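# Inside the fold
Here is how the chains run, residue by residue.
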Amino acid sequence: MQAVQVARTVVQRRALIVELVRREVKLRYRGTWLGFLWTLINPLVFMVVYTLVLSHFLRIGIPKFPAFLLTGLLPWTWFSESVLAGTSSLVDHAAFLRNAVFPAQVLPVVSVGTGMVNYVFSLPVLFVLLAVYGVPLGWTVLALPLVMAVQFLLALSIVYFTATLNVFLRDLRYIIQHGLLVAFFLTPIMYDFSIVPARFHWVLKLNPMTIVIDSYRRVLFYGEWPYWRNLGFVVALALVLLVVGAVVFERNRESFAEYL
Amino acid sequence: MRDAIILEHVSKSFKRYPTRGYTTLKDMLVRGEWLRRVRSRQHVEALKDVSFSVREGTVLGIIGPNGAGKSTLLRLIAGIYRPTSGRIMVNGRVSALLNLGLGFHPELSGRENIVIGGLAYGLSRREIRRAMGEIIAFAELEEVIDAPVRTYSSGMFMRLAFSIAVNVDPDILLLDEVLAVGDAHFAEKSRARMEEFKERGKTILLVTHDLATAQGWCHQVLWLDQGRVVALGAPAEVVARYRGKSVATVG
């Protein structure tokens, strides 16, 4: 019931969500010289460094490595940014929540949505890079929006939990920050699932983002369809988490104002 | 006439910790403070068994000493807090001006803040577009409306907040001691706008320390003390009793 209420509020307040996402995207680089280009420059810098270290220093032989890497790195950036921003979203909007009639339910959606908009805006660079490395785009690219939707759900389901908890336990933000760094290495972003020895596969399989990143790779880089069954598993997991998260959020919503 | 607001046996208690509202992991683990905090936590009752109703079109003044629960009452009606027990029913769109200017984003322009504020109140984009000119004109901020609000003076902040709150076409307006703020010119304008609201039959709840306003302008006055309703009724009568009590306490 409470989960339905959250969903209803989010749908009703979609205009507010759009406006807040626009604000986040706009504000992020206000006052900088290069503005939105920074969204593209950050992953490109990583790409150059990782390519240098992994392909040239360590000689890990993944062909077309920059294109391979960026295919996984861009969605990961979306994921980690929105989980981090979402976790502190209630605390960051304390002034709104304490003094105004403001629907807190929309804030997690705003965080994940902002990350997604940045991802979409960086897609042209990815497509150019794929073309430069001669990776043909197949029909499988049609599955991209679906993979993105799965990631959206997964990130959102995490954020409803962490945002709620962070109101009461402010350390969570830093725990999440370190957790994301660990997760970055334990997700096949700069390497491929197939080159990991089988006895370690279970470590990667603990992490639903493994399936999501692998799906981006298959769809954009390898020109194959995702493993639907695995993706379906992530959707199921995210939906369960989302319902529980929404209930936890809703139960605590009206005490946020007292703790912020 | 319907009731705009109904409160049935509403109580609100806050958990008060000796230190602060939130925990850090260090407190919990290293200093083992978590248990101590839970043990030492006190329940502070801000409102105790409050029941009353407000008819549509009533201007209700709320008076009482500091800490009587006046602001808590408005926050409950606005839906910012949830009552610990009891029920609150509100019919119509609520606009609240509880704490001046807070809830603005400092880096955004006045215009952008109006859009976000309006959407947060539940207006559609079209309604906001229609109200935009009036909000800006009423606040007299035409020249700075596209500058970030962090560059505004506190008076400009206040004017913008007030102007948004009264121009989103609310059915119920909750105000926390605002009429006293601002320069004489704007105070006069706000008063006129409030008068217009009153004539259009809007419901207004006004927390005030100004007994003259409570007596002269409100239809009814609610006297709160230590979270309880002491009196609710005709302004002259309640204010006179309140005066008597205050004098007696001071004297």
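Residues numbered from 1 in each chain as written. Chains lettered and ligands numbered in written order. Predicted model: local features only at pLDDT ≥ 70, side-chain atom pairs only at ≥ 80, totals over all residues. Heavy atoms only, no water.

### Concerning the overall build of chain A
Scanning chain A from terminus to terminus reveals 12 helices and zero strands. Order of helices (α) and strands (β) in chain A, N terminus to C terminus: α-α-α-α-α-α-α-α-α-α-α-α. Against the globule reference of 18 Å for 260 residues, chain A gives a C-alpha radius of gyration of 19 Å, in line with a compact fold. Structurally, chain A occupies a C-alpha span of about 55 × 45 × 35 Å along its principal axes. Burial analysis of chain A (260 residues in total) assigns 53% to the buried set. For chain A, the proportion of contacts with a sequence separation of at least 24, taken over those separated by at least 6, is 80%. Of the accessible surface of chain A, which amounts to about 12,100 Å², a share of 71% is contributed by carbon and sulfur atoms. Placing the 20 positive and 11 negative side-chain charges of chain A at their respective mean positions leaves the two points 4 Å apart. (Helix = DSSP H or I, 4+ residues; strand = E, 2+ residues; numbered from the N terminus. Rg over C-alpha atoms; globule rule 2.2 N^0.38 Å. Buried < 20%, exposed > 50% of the residue type's maximum accessible area, 1.4 Å probe, protein only. Contact = heavy atoms within 4.5 Å. Areas by Shrake-Rupley, 256 points an atom, 1.4 Å probe, with all protein chains shown as cover. Lys, Arg positive; Asp, Glu negative; His and termini not counted. Charge placed at Lys NZ, Arg CZ, Asp CG, Glu CD.)

### Focus on the pattern of salt bridges
Taken as a whole and assessed by the stated rule, the structure comprises 18 salt bridges over all chains. Across the pair E19 of chain A and R22 of chain A runs a salt bridge, and its minimum N-O distance is 3.7 Å. Here E19 of chain A pairs with R22 of chain A, and both are found in helix α2 (residues 14–28), just three residues apart, close to one helical turn. The class for E19 of chain A is buried, based on a relative accessible area of 10%. The exposure class assigned to R22 of chain A is partly exposed, which follows from its relative accessible area of 44%. We note a salt bridge from E8 of chain B to R87 of chain B, for which the minimum N-O separation is 3.7 Å. A residue pair is termed long-range when its members are at least 10 positions apart, and E8 of chain B in strand β1 (residues 3–16) and R87 of chain B in strand β4 (residues 85–90) qualify at 79 residues. (Salt bridge = Lys/Arg side-chain N within 4 Å of Asp/Glu carboxyl O.)

### Side note on the confidence of the model for chain A
Averaged over every residue, the pLDDT of chain A is 91; residues scoring 70 or more account for 100%. When mean pLDDT is compared element by element in chain A, helix α8 (residues 144–168) of chain A scores highest at 96, while helix α6 (residues 94–99) of chain A scores lowest at 80. (pLDDT = per-residue confidence, 0-100.)

### Quick look at the nonpolar core
Of all hydrophobic cores here, the largest spans 131 residues; its most connected members are L90, Y119 and Y216 of chain A together with I63 and L160 of chain B. The biggest single contributor to this core is α8 of chain A, with 13 residues. Apart from the residues within four sequence positions on either side, Y216 of chain A is in contact with T71, P75, W78, Y119, L144, V147, M148, Q151 and F221 of chain A. Within the second largest apolar cluster, 30 residues are counted, among which are A46, L47, L60 and I172 of chain B. (Core = buried A, V, L, I, M, F, W, Y, C linked by side-chain atoms within 4.5 Å.)

### Examining helix α5 (residues 125–139) of chain B
Residues and elements named next belong to chain B. Under the 1.5 Å per step criterion, the end-to-end length of α5 is 20 Å for 15 residues, consistent within 8% with the ideal 21 Å. The axis of α5 is deflected most strongly, by about 40°, at A131. Buried within α5 are the following residues: I128, A131, M132, I135, I136, F138 and A139. Contact partners of the buried residues in α5: α4 (110–121), α6 (154–167) and α7 (184–199). (Expected span 1.5 Å × (residues − 1). Bend = angle between axes of the 7 residues up to and from the residue.)

### So, the environment of A139 of chain B
All names here are of chain B. Structurally, A139 is set in helix α5. Along the primary structure A139 and F157 are separated by 18 residues, whereas in three dimensions their C-alpha atoms are 9.2 Å apart. Sequence-distant contacts of A139, defined by excluding residues within four places in its chain, comprise R159, L160, S163 and F186.

### Things to note about the packing of helix α7 (residues 106–132) of chain A against α8 of chain A
Angle between the axes and distance between the axes: these two values describe a pair of packed helices. Residues and elements named next belong to chain A. The geometry of α7 relative to α8 is characterised by a closest axis approach of 9 Å and an angle of 150° between their N-to-C directions. Here α8 runs roughly antiparallel to α7, going by the angle between their axes. Considering only the axes of α7 and α8, their crossing is right-handed. Side by side, α7 and α8 meet where P108, V109, V112, G113, M116, Y119, V120 and L123 of the first sit next to L144, M148, F152, A155, L156, V159 and Y160 of the second. (Axes fitted to C-alpha atoms, helices over the stretch in contact; angles between N-to-C directions. Parallel < 35°, antiparallel > 145°, perpendicular 65-115°, else oblique. Left-handed = near helix turned anticlockwise from the far one by under 90°.)

### A few points about helix α3 (residues 70–78) of chain B
All names here are of chain B. Most of α3 sits inside the fold, with eight of its nine residues counted as buried. Residues K70, T72, L73, L74, R75, L76, I77 and A78 constitute the buried set of α3. Phi for G79, located one or two positions after α3, is positive at around 85°.

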